[in-house]
Amino acid sequence: MAVTDRVTIEVRPLSGWTGAEIRGVDISQPLDEATVADIRAALLQWKVVFFRDQQLDHESQIRFGRYFGEVTPGHPYEGDTAPEGFPEIHTVSPAAYAHRYGAKYHNQLGVNGPGWHADVTPLINPPAASILRAETVPAYGGDTQFTNAAAAYDALSAPVRAFIDTLRAEHRFGIGRRAQASDEKIGDWVRNKPLAAIHPVVRVHPETGERVLYVNPSFTSHIVDLSPRESRHLLDLLWEQVARPEFTVRFKWEPGSVAFWDNRAALHLAPRDFDHVEGDRVLHRITLVGDVPVGVDGRSSELIAGEPFLAA
Amino acid sequence: MTDVHTRDLHTDGEAGATVAGIEVRPLSAFTGAEIHGVDLNDDLDERTVSDIRAALLRWKVVFFRDQDLDHDAQVRFAARFGEVTPAHPLFDSVEADSRIYPVDKGRFKKRYTGPRHDGLFAGWHSDVTAAVNPPWASILRAEVIPPYGGDTMWTNLVAAYEGLSEPLQRLADGLRGLHQFSVPKATTTADYDARVARRPLLTEHPLVRVHPETGERALYVSPSFLKQIVGVSTRESEQLLPIFWEQITRPRFTVRFKWEPGSVAFWDNRSTCHLAPTDIDYLDFDRLLYRVTLVGDVPVGPDGRASVAIEGDPFNGA
């Protein structure tokens, strides 16, 4: 073993497929290349890594993100709601969501059931990764779940894998009639500033070469070239697959917790269980610029509406 | 327009007699035609036989009204189109003729103790697809028919296949499934279980069958018999089969036939499924029909692979 003065990180897996806690590093401080490489390796293997008891503010969260890529604006729709001086920050809280989408909109279960998703897949180049830090969390409730979309793909039978390898699907911001018809801000966005792209149903991960199931119930409207009814059946099959408990991990937040996920290979599910629980829940997210997905056949995603999501 | 096809009068070479051609009246856009102008008791000439066969291949099921067939005449008519099988691989024939299978209202009481249909697609089937060579055709004649209730429905499996999207067609093209009589379970009678045990029949058929006469592809997914898609997980099979079953039972591909005494239905069992009625269970009326089936060949998929018998012998001639 090479002699080094760096702090060696400790990677503690949290489930069979998904998630690991990383210990032994203060991510508010400058990191050496080896530590960055170790964190990246853990991220690629476990799809999401967690840090506890970190002392990040907006500035140091963005600085940490830059070790792993270029940082995007907070959200393609929501730059105006970012904190003063930090356009990269996207705040996740009931108040922020109500402000952004409209209070009536944000708290209903969609037509596809629980809203597993990767962040902003309606973009032609969805973010490669997201880094979310907890500022305030309730005493209980509000856990986030993550699932491993490569493991979910691998566990499909060979005939089903071969079939979906050839398919492509449309992703759109506001896929439901409710969003399209909304008289709140969300309706304005999806009607007047649509974001949509066609992505392969199976994406080849640009770093690991793994095949990942690249559809999600929050943004995937339909599989192209199938009848609407066939698409509904197939997507239901795939939703069930990505949500199988064996591929998931459930993370309990504390103030100072940080989750860093590979947005190309993990889906996550925002909690809906804490509305009645006392105490606010405020987290801050940044995302890293992603590349354009490529399918098994080498074909890239196609832009329908919107622009590439580049560095802030 | 060839939907209504009337054959010209022609001269029967042997007898020199003039014979009227058949008239084919389609009953729906995809499925079923009534054939008029022929008495099935007659000794049919070759041209009539080939015209009936052509209508059958096109419309998948053809119907005749007001026929006066007995068991012998039904078998004789059937034999003009192929080799007649025994009545059924599992169940009894009528006493008088080992090739005649009675379709009587009481038959399900001997097989099931509980409700016989549970599920959206239950009851739809092609005949005896548990066999490696299901009969290629079935001919069913009505003897006793209730004043109302008891209609039978057919669906066109070629139209159903062609109505799938191209990606789903490709998926189906590569799949195969296991066909079997219902696995004995709590609701079956001891007699039924004994019959299934005495002649176990389990066959792997392609999900898409290339029709040996027309070359058409048929979605070969007989819901009552098809238990599991091969090579996918049990759950995936549970999720995929309803896609195909829903497709074949879409109303646009079906026809519904109201029986009268003397009605005869003749279906291509390679390209149709049919649904025996259950509404008569709630009526006091009797219902009795007689079926004859014709020896079928072994199905072949788009990849050229034939069906494989996992258990049981072919269902061959009487």
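Report on the accompanying structure.

Cut-offs used in this document
Along each chain, residue indices are assigned from 1 in the same order as the chain's sequence is written. Here the convention is simple: chains get letters from A, ligands get numbers from 1, in the order in which they are written. Local features in this predicted model are restricted to residues whose pLDDT is 70 or higher, and side-chain atom pairs enter the listing and the counts only when it is 80 or higher, whereas totals over whole chains, interfaces and linings include all residues. Remark: hydrogens and water are excluded; side-chain values derive from all non-hydrogen atoms of the structure. Counting from the N terminus, the helices are DSSP H or I runs at least four residues long and the strands are E runs at least two residues long. For every residue, the accessible area obtained with a 1.4 Å probe (protein chains only) is divided by the maximum for its type, and the residue is called buried under 20%, exposed over 50%, and partly exposed between those limits. Working convention for charge: Lys and Arg count positive, Asp and Glu count negative, and His plus the chain ends are omitted. Whenever a carboxyl oxygen of Asp or Glu lies within 4 Å of a side-chain nitrogen of Lys or Arg, that contact is scored as a salt bridge. As used in this structure description, the phrase polar contact means that two N or O atoms lie within 3.5 Å; if the pair is within protein, one of them must be able to donate a hydrogen and the other to accept it, and residues adjacent in sequence are counted only when both atoms belong to side chains. Note on contacts: a residue pair is in contact if any heavy atoms of the two residues lie within 4.5 Å. Strand pairing requires that DSSP identify at least two bridges connecting the strands. Between N-to-C directions, angles span 0 to 180 degrees; the directions come from axes that are lines fitted to C-alpha atoms, helices contributing only their stretch in contact. Nonpolar residues are Ala, Val, Leu, Ile, Met, Phe, Trp, Tyr, Cys and Pro. Charged residues are Asp, Glu, Lys and Arg, and all others, Gly as well, are polar. Geometric relationships in this document are graded by angle, where less than 35 degrees denotes roughly parallel, more than 145 denotes roughly antiparallel, 65 to 115 denotes roughly perpendicular, and other angles denote oblique.

## Description of the side chain of Arg 133 of chain A
Residues and elements named next belong to chain A. In this structure, Arg 133 sits in strand E5 (residues 129-136). Glu 135 is the oppositely charged side chain nearest to the buried, salt-bridge-free Arg 133, at an N-O distance of 4.2 Å. Only 3.2 Å separates the side chain of Arg 133 from the backbone oxygen of Leu 56, close enough to count as a polar contact. Among the polar contacts listed, one links the side chain of Arg 133 to the side chain of Gln 61, at a separation of 2.6 Å. Residues in contact with Arg 133, not counting those within four places in the same chain, are Leu 56, Asp 57, His 58, Gln 61, Ser 257, Val 258, Val 282, Leu 283 and His 284.

## Quick word on the sheet that holds strand E6 (residues 144-148) of chain A
All names here are of chain A. In spatial order, the strands read E12-E6-E14; together these three strands make up an open sheet with antiparallel pairing. The open sheet has two edge strands with one neighbour each: strand E12 (248-251) and strand E14 (266-269). This sheet shows a mean twist of 25 degrees between the axes of neighbouring strands, independent of strand direction. In this structure, E6 lies alongside E14, joined through four bridges in antiparallel fashion. Bridge pairing links Phe 146 to His 268 in E14.

## Some thoughts on the pairing of strand E18 (residues 272-275) of chain B
All names here are of chain B. Burial of E18 is two-sided: the residues Thr 272 and His 274 facing one way and the residues Cys 273 and Leu 275 facing the other way are all buried. Across two bridges, the pairing between strand E8 (residues 124-125) and E18 is antiparallel. From the neighbouring strand, His 125 faces E18, where its bridge partner is His 274. Relative to E18, strand E10 (residues 152-156) runs antiparallel, the two sharing four bridges. Bridge assignment links Asn 156 to a residue of E18, and that residue is Thr 272.

## Quick look at the interface of chain B and chain A
Listed per partner, the contact involves 16 residues of chain B and 17 residues of chain A. Viewed at the interface, chain A and chain B are joined by two salt bridges. Salt-bridge contacts for Glu 246 of chain B lead to Arg 229 of chain A; the nearest nitrogen and oxygen are separated by 2.5 Å. For the interface between chain B and chain A, the tally reads six residue pairs in polar contact (both at pLDDT 80 or more). For the side of chain B that touches chain A, the secondary structure elements donating two or more residues are helix H4 (166-173) and helix H6 (234-248) of chain B. A per-element tally of the side of chain B that touches chain A places H6 of chain B first, with six residues. Residue composition of the side of chain B that touches chain A, by class: eight nonpolar, four polar and four charged.

## Quick notes on the packing of helix H3 (residues 94-101) of chain A against helix H8 (residues 185-192) of chain A
Residue and element names in this part refer to chain A. Two elements in contact, H3 and H8, have axes whose closest approach is 6 Å; the angle formed by their N-to-C orientations is 50 degrees. Between H3 and H8, the angle is such that the two are oblique. Facing His 99, Arg 100 and Tyr 101 of H3, the residues of H8 in contact are Lys 185, Ile 186 and Trp 189.

Distances and angles like these do not, on their own, reveal function.
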